[in-house]
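This is what each chain is made of:
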Amino acid sequence: MNDSEPRDFIRKIIADDLESGKHTEIVTRFPPEPNGYLHIGHVMAICLDFGVAAENGGRTFLRLDDTNPGKESPEYVAAIKDDVHWLGFDWEDRLTHASDYFDRLYASAVQLIEQGVAYVDSLSAEEIRQYRGTLTEPGRNSPYRDRSIEENLDLFRRMYAGEFADGEHVLRAKIDMTSPNMNMRDPAIYRIRHVPHQNAGDKWCIYPMYDYAHGMSDAYEGITHSLCTLEFEDHRPLYDWFLDQLQPEHRPRQIEFSRLNLAYTITSKRKLKMLVDESIVSGWDDPRMPTISGMRRRGYPPQALREFVRRAGVTKKDKLIEMGALETCVRDVLGDAAPRRMAVLRPLKVVLTNYPEDRVELMEAMNHPANPDFGTRELPFSRELWIEQDDFMEDAPRKFFRLKPGGEVRLRSGYIIRCDEVVKNDRGDVIELRCSYDPDTRSGTGTSDRKVKGTIHWVSREHAVDASVRLYDRLFNDANPNAAEDVHSVLNENSLEVVAAKLEPSLADADEAVQFERLGYFCQDAQDSRPDALVFNRIVTLRDSWARLEKQALESQVS
RNA sequence: UGGGGCGUAGCCAAGUGGUAAGGCAUCGGGUUUUGAUCCCGUGUACCGCAGGUUCGAAUCCUGCCGCCCCAGCCA
């Protein structure tokens, strides 16, 4: 670890606790509820939980917080494990469930009753709500609040035994119905739910609530620092209350930090699930989704995600981070790691009129311009080529230094060509360019030091491989769709565009992320790509200052 | 109008009484067979506002304003 690295407030607390001798080992936990897939917000928590422990030689538990059966499933458990591993973290033998502790939790609940600080309430859910009061008015005690310990014990045992229907009774902590903190107004500890559990099966029909189960699970595991997001700040007094009452061997400390929100995306499991259920996206792993599995399928490298949250920092201030910050991290990693290739997304035919019909040359091309270790490859070059439609303009502005009538351009790793003739169809669309090449300008031969301003990519028509390429855009039009009452109203209808592309031959078996030169980073879609029907995802575009200039020019015309 | 948090440049974020780091973005420029990368340079931040304490305040005090969270038998 770099000592000069500025430390966030949590890391400072931990360093202090180590220095003061309060703790000799740091133990943390990442505790997702298996009711959905992990997303970019969880990446933050994962990196923090596993990060601070690892930095201090400590341990981290992956704990599935499965106290609410019916919403949780093994599918989500499997996905969570998969995602954490992929991100680069290892819980080793410390995979646990809140449900692993149901027996101890039950015994401790009995203890709370015996201590006279928990009681069985027989009010309905609606009545309890009314008795709770409001934000500005105190609540009132339930008429069942003063039941005897014996009666409470009996009722709770019978709740456990399955003698009651859902909702008939609930076990509550006896704290203070007039507390200004709503969480302290006799919160529920156990509720009846005749529903099988994803891990415990049908053994139980009463289940502990989060506030009770979470803190005690932390204690059982010897968690020293229980890190969670800001909305649990109000729960901390309750977290501490359970520890005070039950005096477990270990006493964890809850510390809260702000969640990470990404602009133009949502990080609500409920809303993400809605996108999946309504088939607005293809699944939890749709490459447009901010889920870890979506970003993985999209082609984001795990290092980029980790770097992104590192740059974001850990504070208590609400964050809404620009998408560009994430994309920069992705480009940073891929820029070094991805081999270069050539592909044409929107093909325009070019015929080199002075190039022999049956001739094929193999052009040597660098796989990485800055790193010779990547080696070279050979690209077939022939009379008929594909170039990008965007790389030709009939009435080009002065600053456009790609191909234009009468103009010259360099074909990357190939020759300099000149556009002699523009061929159009009946509708006036440009359908072919007739060009001539300069034989003295073959790349790498050094027989000519002629320079032209522009260099464009290309693919030999005869040797090109077809592929379907998916171009992704943000899922929402609003910078903060989390705040929108209806996500449908802020959906970007054009978040996916599919294009029939022409690839250089070597791309047929690309098994890693590559850069399509001048276009961006791409990878084969792990789900849908097949050898006879290639499908590529655009991970992220390259930074494009030309596009930016064009956009500015357009805007200045309008205004 | 109860309670709990948070307010430093467009977005993040250091800084805890001595005169405002850094990253991303932006805007210039250089190199370049990717308009990429890389390299330089680029910000008058009324440190939410107003008072106060002090030789000196983003840092301490008081008052105000704004934003977020809480009334699940969800987590």
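What you see is a predicted model; the values in this text were computed from it and never measured. Each chain has its residues counted from 1, following the order in which its sequence is written. Working convention: letters from A go to chains and numbers from 1 go to ligands, in the order in which they are written. Predicted model: local features are reported for residues with pLDDT of at least 70 only, side-chain atom pairs are reported and counted for 80 or more only, and whole-chain, interface and lining totals are derived from all residues. The side-chain numbers reported here are obtained from all heavy atoms of the structure, hydrogens and water having been left aside.

Draft legend 1. Highlighting the overall build of chain A. Each helix and strand counted, chain A has 13 helices and 27 strands in total. The globule rule puts the C-alpha radius of gyration for 559 residues at 24 Å, and the 31 Å found for chain A is more than 25% above it. Summarising its shape, the C-alpha atoms of chain A cover approximately 100 × 55 × 50 Å along the three principal directions. The buried share of chain A, taken over its 559 residues, is 52%. Counting contacts in chain A only where the partners sit at least 6 residues apart, residues at least 24 apart contribute 70% of the total. Only four residue types enter the charge count, namely Lys and Arg as positive and Asp and Glu as negative; His and the chain termini do not. We put the charge of a Lys on NZ, of an Arg on CZ, of an Asp on CG and of a Glu on CD. Charge separation in chain A, taken as the distance between the mean sites of 74 positive and 96 negative side-chain charges, equals 4 Å. Helix and strand assignments follow DSSP, with helices taken as H or I runs no shorter than four residues and strands as E runs no shorter than two, numbered in order from the N terminus. Throughout, radius of gyration means the C-alpha value; the globule benchmark is 2.2 Å times the number of residues raised to the power 0.38. Each residue is placed in one exposure class: buried if its accessible area under a 1.4 Å probe, protein chains only, is under 20% of its type's maximum, exposed if it is over 50%, and partly exposed if it falls in between. The contact criterion used throughout is that any non-hydrogen atoms of two residues lie within 4.5 Å.

Draft legend 2. Focus on the packing of aromatic side chains. Classification of ring pairs rests on two measures: the distance between centres of Phe, Tyr or Trp rings, Trp counted by its six-membered ring, which must be within 6.5 Å, and the angle between planes, read as stacked under 30 degrees, edge-to-face over 60 and tilted in between. The final tally for this structure, using the stated rule, is 24 aromatic pairs. Both rings, one in Y210 and one in F232, keep their centres 5.0 Å apart while their planes meet at 35°; by these two values the pair is tilted. Pair noted here: Y210 is in helix α7 (residues 210–221) and F232 is in the loop between β8 (225–229) and α8 (236–246), with a separation of 22 residues, a long-range link. What makes Y210 partly exposed here is its relative accessible area of 23%. Consider the rings of F516 and F522, whose centres lie 4.0 Å apart with planes at 10°: the pair is stacked.

Draft legend 3. Region of the structure containing the protein's contact with RNA strand B. Neighbouring RNA strand B are 65 residues; K319, F401, R412, R543 and S545 lie closest to it. Near residues are defined by distance, with any heavy atom within 4 Å of the molecule or strand qualifying the residue. Within 4 Å of the protein, the atoms of RNA strand B are drawn from sugar and phosphate moieties in a proportion of 69%. Identification of polar contacts relies on pairs of N or O atoms within 3.5 Å, with a donor-acceptor requirement for protein atoms, meaning one able to donate a hydrogen and the other able to accept it, and with residues adjacent in sequence counted only if both atoms are side-chain atoms. One of the side-chain nitrogen or oxygen atoms of D234 is found 2.6 Å away from a base nitrogen of RNA strand B. For RNA strand B, a base oxygen lies 2.8 Å from a polar atom in the side chain of R410. Of all elements in the fold, only α5 (125–131), β6 (188–192), α11 (302–312), β11 (319–321), α12 (323–337) and α13 (545–558) reach the threshold of two or more residues within the surface near RNA strand B. The biggest single contributor to the surface near RNA strand B is α13, with four residues.

Draft legend 4. Representation of the pairing of strand β19 (residues 416–424) within the structure. Bridge count for strand β18 (residues 408–411) against β19 is three bridges, and the pairing is antiparallel. Counted as the bridge partner of E408 is R418 from β19. The turn joining β18 and β19, which pair antiparallel and follow one another in sequence, is formed by four residues; a positive phi near 60° is taken by S413. Both β19 and strand β20 (residues 430–438) contribute to a ladder of eight bridges, which runs antiparallel. Note on β20: the bridge partner recorded for I416 is D438. If you look at the hairpin formed by β19 and β20, you'll find five residues sitting between the two strands, and G428 has a positive phi there, around 90°. By this definition, two strands are paired if DSSP reports at least two bridges between them.

Draft legend 5. Quick peek at the sheet that holds strand β1 (residues 27–30). On the basis of which strands lie adjacent, the open sheet formed by three strands has the order β1-β2-β3 and parallel pairing. The sheet is open, and its two borders are formed by β1 and β3 (95–97), each paired with just one other strand. Averaged over neighbouring strand pairs, the angle between their axes works out to 35° when direction is ignored. Across four bridges, β1 lies against strand β2 (residues 59–64) in parallel orientation. The residue of β2 that forms the bridge with F30 is L62. Sheet strands in contact with helix α2 (residues 40–55) are β1 and β2, and its direction is about 160° off that of β1. Only the stretch in contact is used when fitting a helix axis, every axis being a line fitted to C-alpha atoms; angles between N-to-C directions are given from 0 to 180 degrees.

Draft legend 6. Up close: the sheet that holds strand β5 (residues 170–173). One open sheet accounts for four strands, arranged β4-β5-β6-β7; its pairing is antiparallel. Edge strands, defined here as strands with exactly one partner in the open sheet, are β4 (118–121) and β7 (206–208). Taking the axes of each pair of neighbouring strands and ignoring which way they run, one obtains an average angle of 20° across the sheet. Across three bridges, the pairing between β5 and β6 is antiparallel. Residue pairing for β6: L171 is matched across the bridge by Y190. Helix-sheet contacts for helix α4 (residues 102–114) involve β4, β5, β6 and β7, and the interaxial angle to β6 is about 120°.

Draft legend 7. Representation of the domain arrangement of chain A in the model. Here chain A is described as being made up of domain 1 (9–257), domain 2 (269–339 + 467–558) and domain 3 (343–457). Boundaries between domains were set according to an automatic or database domain assignment. Each of domain 1 and domain 2 has a C-alpha centre, and these two points are 36 Å apart. Taken residue by residue, the interface counts 27 residues in domain 1 and 23 residues in domain 2. Buried area: the sum, over both parts, of the accessible surface (1.4 Å probe) that disappears when the two are put together. Taking both partners together, domain 1 and domain 2 bury about 2,200 Å²; carbon and sulfur atoms supply 71% of that area. It is Y37, I40 and W86 that lose the most area in domain 1 upon contact with domain 2, and together they represent 31% of the buried surface on that side. By convention in these notes, a salt bridge is any Lys or Arg side-chain nitrogen within 4 Å of a carboxyl oxygen on Asp or Glu. For the interface between domain 1 and domain 2, the tally reads four salt bridges. For E233, the salt bridge identified is with K316, shortest N-O distance 2.5 Å.

Draft legend 8. Representation of the packing of α4 against helix α6 (residues 149–161) within the structure. Between α4 and α6, whose axes approach to 9 Å, the crossing angle comes to 160°. The angle between the axes of α4 and α6 places the two elements in the roughly antiparallel class. By crossing handedness, the relation of α4 to α6 is classed as right-handed. Facing α4, whose interface residues are Y106, A109, V110, I113 and E114, α6 presents I149, N152, L153, F156, R157 and Y160. An angle counts as roughly parallel when it lies under 35 degrees, as roughly antiparallel when it exceeds 145, as roughly perpendicular when it falls between 65 and 115, and as oblique in every other case. For any pair of crossing helices, the crossing counts as left-handed if the nearer helix is rotated counterclockwise from the farther one by less than a right angle, and right-handed if it is rotated clockwise.

Draft legend 9. Local environment of the environment of I192. Mapped onto the elements of the fold, I192 is located in strand β6. On the basis of relative accessibility, which here comes to 3%, the residue I192 falls in the buried class.

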